[in-house]
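A look at the structure
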Amino acid sequence: MSEPSRTATTSRRRPVQPGKLPGRQDWSTWPNYQAAAAGFRGYWYPVCYSSAITGKPTQVTMLGEKIVLIRDNGTVYGLKDRCPHRGVPLSEGNQQFPGTISCPYHGWTFDLGTGELKAAITDGPESPICGKVTQPTYPVAERLGMVWVFIGDGEEAPPIDQHLPEELAGNAAVAGSRIQRRVGNWRFACENGYDEGHAKYLHRTSLWRLFKAMPVWNKTRIERRGRWIYRVQLEQHWEADFPGLGPWSNQAWFKLKPPKKVGNIGNTGSHREVDPVIAEQNFPGFASVAMPGILRIVYPTFIHYEFYAPIDAENHLYVGIMVEFRRGLKVLPFYLKYLGFVRWLFHGQFSAQDKWMVEVTDAPPERLYRPDDSLLQWRKLAEEISEERAARLRESGVG
Amino acid sequence: MSEPSRTATTSRRRPVQPGKLPGRQDWSTWPNYQAAAAGFRGYWYPVCYSSAITGKPTQVTMLGEKIVLIRDNGTVYGLKDRCPHRGVPLSEGNQQFPGTISCPYHGWTFDLGTGELKAAITDGPESPICGKVTQPTYPVAERLGMVWVFIGDGEEAPPIDQHLPEELAGNAAVAGSRIQRRVGNWRFACENGYDEGHAKYLHRTSLWRLFKAMPVWNKTRIERRGRWIYRVQLEQHWEADFPGLGPWSNQAWFKLKPPKKVGNIGNTGSHREVDPVIAEQNFPGFASVAMPGILRIVYPTFIHYEFYAPIDAENHLYVGIMVEFRRGLKVLPFYLKYLGFVRWLFHGQFSAQDKWMVEVTDAPPERLYRPDDSLLQWRKLAEEISEERAARLRESGVG
Amino acid sequence: MSEPSRTATTSRRRPVQPGKLPGRQDWSTWPNYQAAAAGFRGYWYPVCYSSAITGKPTQVTMLGEKIVLIRDNGTVYGLKDRCPHRGVPLSEGNQQFPGTISCPYHGWTFDLGTGELKAAITDGPESPICGKVTQPTYPVAERLGMVWVFIGDGEEAPPIDQHLPEELAGNAAVAGSRIQRRVGNWRFACENGYDEGHAKYLHRTSLWRLFKAMPVWNKTRIERRGRWIYRVQLEQHWEADFPGLGPWSNQAWFKLKPPKKVGNIGNTGSHREVDPVIAEQNFPGFASVAMPGILRIVYPTFIHYEFYAPIDAENHLYVGIMVEFRRGLKVLPFYLKYLGFVRWLFHGQFSAQDKWMVEVTDAPPERLYRPDDSLLQWRKLAEEISEERAARLRESGVG
């Protein structure tokens, strides 16, 4: 043949072994976590911006449940979005009477507050079905400019502030946020968020970190405090020499020099004075996570939160919120900073790198390594808290 | 936080009860009907306009069966659209000899009338397979400008006129029609068509009813006559006052006043003289339905039919036909009226409201109400007639 | 009705018999063949052009396995395209060190030659996981301007030249080729290629055969020689008269007259002197096939090969290669001929007719006829050679 003949690089290779993959084959160590592909029940979840909900009914999906949201006289109400009559979504209907929503098909009319069937218009005022059908409703609240829905198993919903990060209750705050529907299981998103290992490598190319070097590797310890677990940095290594391969580092002439001592606010070393509200929290580590998938990344002057709200087993809502503890005129520079670049660099390109990984992650099977202690502790936390809730429900005879 | 804090509207709500939905969980009361997701066998179905079938083979799907239709010397023939040799659709082939169709792959050539394999061209004139293979054929007829196919279980097809509405046989008629492929199970389409409850509410906003008020609610009785069941109106209520909600009506200053007495031709009260052919039928109610999904809505001067032909379990063919009993030059004003507005308002926007509901209906589970007696009687009719056919097939040893 | 009433052509028809189709219901006669929907393991397969593989990792899929290919220092390497850590495709990553590939997520870095994990960058130089994980690798070779991958079950890969057609080893050759991803199972593609029956009918309308008549039907015999089976033509019939239908032929005034004697080079009769390399092979028939799906069609001056490489059970790679045994300046007229028309007529429109049939074939069930002895012999060959390989693997204790 006229092509140069290349030798097949065959003989020294390890052959392909079909079948079992290395490492952990499933998540049966954490049965509740394994079962929660479509999310954990018993929590408040953000579902959309407040401004999206008006008098026109809107469908949202959370934990696989279709919910119709409608605003009536200022308050947002949520009902199961399936008319019990023939399965038509109530979100296709509209309001015929104040305080109600009517199915578009036959005019079945439900009370927004109680879910009670108040009228079946096409069966007249004496329709015997009235009062015999009650549509399930959802507790709804508004916080941080968003609508939140409680999805449980029949238990009383706790006040939403018990489910939000504690520092958000009682402190004046200003927020910039992004809500994005993303492909991939919410657990991959949450594990990615809290993952000790990836940020330094995956995000080293992000514009958000353009002038700040990332460490090559860290040693960390996971510490639990209340419902949160924190990643505490013990060592930060800014360069490394890999045996048989050579040196590797994220530093560059145009980047700031890495800090001399180990920091626990931010990932790149802190150079600024810490905001008093943040300092007061005395966070043991800059990254923390809580059920049902809330990430908190603490920087000197602001906190970045990520809520991973499960739409279903294949999709989740990424809700990124940047908060500064300011009030009055001081909120103006915040909005300038947020809209000027944080939104585009951090909630934009940086976060899109996470989105990319969440889309292509495919586990289990998985073969974990040392930094994955962060994942293991998070799954352990989820498991423990799930068991506690199950015990509570059993005791109260609900669910 | 800087957002106004809204109280979560939690405590008075009825909690979401996952699991069982209210009402009827399945259609096992009507086992034949439940099994007929892809349609009832043993009937003639409209599949397309006559003009669509020429000497070029065309595939249609009905009851999940792929059928090749071809016109030869004026007559339309139908065969199973899968060459028995290697599964290639005959509709990809063409005619090599009059009265036959040839598979494009190896030239297997079937007689259109009998389905017999007349030649396997690539095996020569003495191919031993000829006469050993017979392709299944379908009875085909043309009526109302459309091609109709009989889909059975091996029994003799009855004359198609026995399956069409009786008044269409023997009366000169002129028709305007629309054939539309629609998403949704054919049973939802048929139930929607005959449904007592929905028209007054769903269609109250249609342009077709712009000047005619619809009742709020009716009392009706279902009456069977031969293979049809009719909805007989006992009471029509044009306004109503709903306890705790207030008054509700479809009347408006620009609409005609509703009639004083209960009418059984049309849904809005009749103002015109009834056509003699229609009067002669002596229909007990303006809406009637027959197997396998034929709806008949009688107006003073015309009849509107809907055929719901099941393509498969997820799709159906909507065939809407408006008929007047005229002949000669009198057909001209009919076409003017049909093409001028009936087609756009009635077979268009009005019918699109039904299409919308059929797409979003999701039953069972379902929780029926008084007006759904129309659905129950239709399912009962379907069940009885199916049992009669099954008995007939058993007796004759077919199927 | 105003339409002419056509008689339903019902009564003389053979009724539709639902259920069993005529002929062979499955391929259980050839259990290995039946099981090989996604391809036979233990062979070299072409996967793409050599020019497509650079230092940027690229994913290919073959036999349902995702493989990352990367060129390093001139040589192409192949690894399983799934990082064992969290399942991220290595093809999303890049090279951080020569001779390696790194996962984009956490910087796990694998040796291209051995698959050994050389570093987990984000766990530092002393990461205990190094040396404990080995990524499966694939033997890779380059031939005919393409990259070939061996997919086995852990056995040693034989030299690729043992799997290519013998005449390609040791003879100077020039090639023009086309690689196309096609819908349809690879077995339909291979059976179509070797099928005695179809070419004369399906391809009679191709531009490639515009001036050369095709026979109507042949008598052939299948002859095995080594790993190939050949179709030997015994009779060629250029016209035929079908009982009850009439005469049929592919001849036309503008086509060359068919040859007087039966030829076994080309399908239309040979008019040219046979190339000495081709003559030397002494092929008993112009069409031959070998495992795992290699078709060889011999013409007087060139050979056309088709490789049907299974991407998965639903898709395959069609690789058409036209070869002449020339060297030096004589390759120029070859390229002129190939690029001037062979590529467009033969590898283009002619081959697209096969593509069409492979897409619409749906077997089993199938009802075979005399010319399908070619299919039966091919399946028998596949079965025998599969059994021999299974025995070899059992003896050597691999797989």
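Everything quoted here is computed from the prediction, not taken from an experiment. (Residues numbered from 1 in each chain as written. Chains lettered and ligands numbered in written order. Predicted model: local features only at pLDDT ≥ 70, side-chain atom pairs only at ≥ 80, totals over all residues.)

Moving on: the interface of chain C and chain A. On the side of chain A, 43 residues touch chain C, which itself brings 56 residues to the contact. Contributing elements (two or more residues each) for the side of chain C that touches chain A: β4 (75-80), β7 (117-120), β8 (137-138) and β9 (140-143) of chain C. If one sorts the elements of the side of chain C that touches chain A by residue count, β9(C) sits on top with four residues. Residues of the side of chain C that touches chain A, tallied by class, amount to 27 nonpolar, 19 polar and ten charged. (Contact = placed C-beta atoms within 7 Å. Helix = DSSP H or I, 4+ residues; strand = E, 2+ residues; numbered from the N terminus. Nonpolar A, V, L, I, M, F, W, Y, C, P; charged D, E, K, R; others polar.)

Between chain C and chain B, the residue contacts involve 43 residues of the former and 55 residues of the latter. For the side of chain C that touches chain B, the secondary structure elements donating two or more residues are α3 (198-202), β14 (239-242), β15 (246-249) and α5 (331-360) of chain C. No other element matches α3(C), which puts four residues into the side of chain C that touches chain B. The residue inventory of the side of chain C that touches chain B, partitioned by class, reads 21 nonpolar, eleven polar and eleven charged.

So, on to the domain arrangement of chain A. By a widespread convention, an interface's size corresponds to the accessible area lost as its parts come together. Residue and element names in this part refer to chain A. Segmenting chain A into domains produces domain 1 (43-151) and domain 2 (165-389). Centre-to-centre, using C-alpha coordinates, domain 1 lies 36 Å away from domain 2. Counting from both sides, the interface comprises twelve residues of domain 1 and, opposite them, 13 residues of domain 2. Elements with a minimum of two residues in the side of domain 1 that touches domain 2: β1 (43-49) and β2 (58-62). Per-element tally for the side of domain 1 that touches domain 2: the top contributor is β1, with six residues. (Domains from an automatic or database assignment.)

Whenever strands of a sheet pair, they do so through backbone hydrogen bonds, lying parallel or antiparallel. Residues and elements named next belong to chain B. Ordered by their spatial adjacency, seven strands build an open sheet running β11-β19-β18-β17-β16-β13-β12, and the pairing between neighbours is antiparallel. At either end of the open sheet lies a strand with only one pairing partner, and these are β11 (174-183) and β12 (217-225). Going across the sheet, the axis of each strand differs from the next one's by a mean of 20°, ignoring polarity. Of the pairings in the sheet, the one linking β11 to strand β19 (residues 315-324) comprises ten bridges and is antiparallel in character. What sits directly across from Val-174, in β19, is Glu-324. Set on the sheet, helix α2 (residues 186-194) makes contact with β11, β16 (287-290), β17 (294-298), β18 (303-310) and β19; between it and β18 the angle comes to about 160°. (Pairing = 2+ DSSP bridges. Axes fitted to C-alpha atoms, helices over the stretch in contact; angles between N-to-C directions.)

Residues and elements named next belong to chain C. It is the contact of helix α2 (residues 186-194) with α5, at a shortest axis distance of 9 Å, that shows an interaxial angle of 135°. Put simply, α2 runs oblique to α5. Crossing geometry of α2 relative to α5 is assigned as right-handed. Contacts between α2 and α5 involve Phe-188, Ala-189 and Asn-192 from the former and Asp-354, Met-357 and Val-358 from the latter. Class assignment of the residues belonging to the contact of α2 with α5 gives a composition of four nonpolar, one polar and one charged. (Parallel < 35°, antiparallel > 145°, perpendicular 65-115°, else oblique. Left-handed = near helix turned anticlockwise from the far one by under 90°.)

Residues and elements named next belong to chain C. Read across the open sheet, the four strands follow the order β2-β3-β4-β8; overall the sheet is antiparallel. Of all strands in the sheet, those with a lone pairing partner are β2 (58-62) and β8, marking the two edges. Strand direction decides the pairing type here: strand β3 (residues 65-72) and β4, joined by six bridges, are antiparallel. Directly across from Ile-70, in β4, lies its bridge partner Tyr-77.

As a further point, take the relation of the copies chain C and chain B. Take chain C, turn it by 120°, move it 0.0 Å along the axis, and it overlays chain B with an RMSD of 0.1 Å. In the structure described here, the two chain copies are related by an operation that fits a three-fold rotation axis. Taking C-alpha positions as reference, the residue of chain C nearest the rotation axis is C:Glu314, located at 14 Å. (Least-squares fit on C-alpha atoms with pLDDT ≥ 70 in both.)

So, on to the nonpolar core. If you look at soluble globular proteins, the nonpolar side chains tend to sit buried side by side. Within the largest apolar cluster, 309 residues are counted, with the highest numbers of intra-cluster contacts made by A:Val149, B:Val149 and C:Val149. Residues within four places of C:Val149 in sequence aside, it is in contact with C:Tyr45, C:Val47, C:Met62, C:Ile67, C:Gly78, C:Tyr138 and C:Val140. (Core = buried A, V, L, I, M, F, W, Y, C linked by C-beta atoms within 7 Å. Buried ≥ 20, exposed ≤ 12 C-beta atoms within 10 Å, placed from the backbone.)

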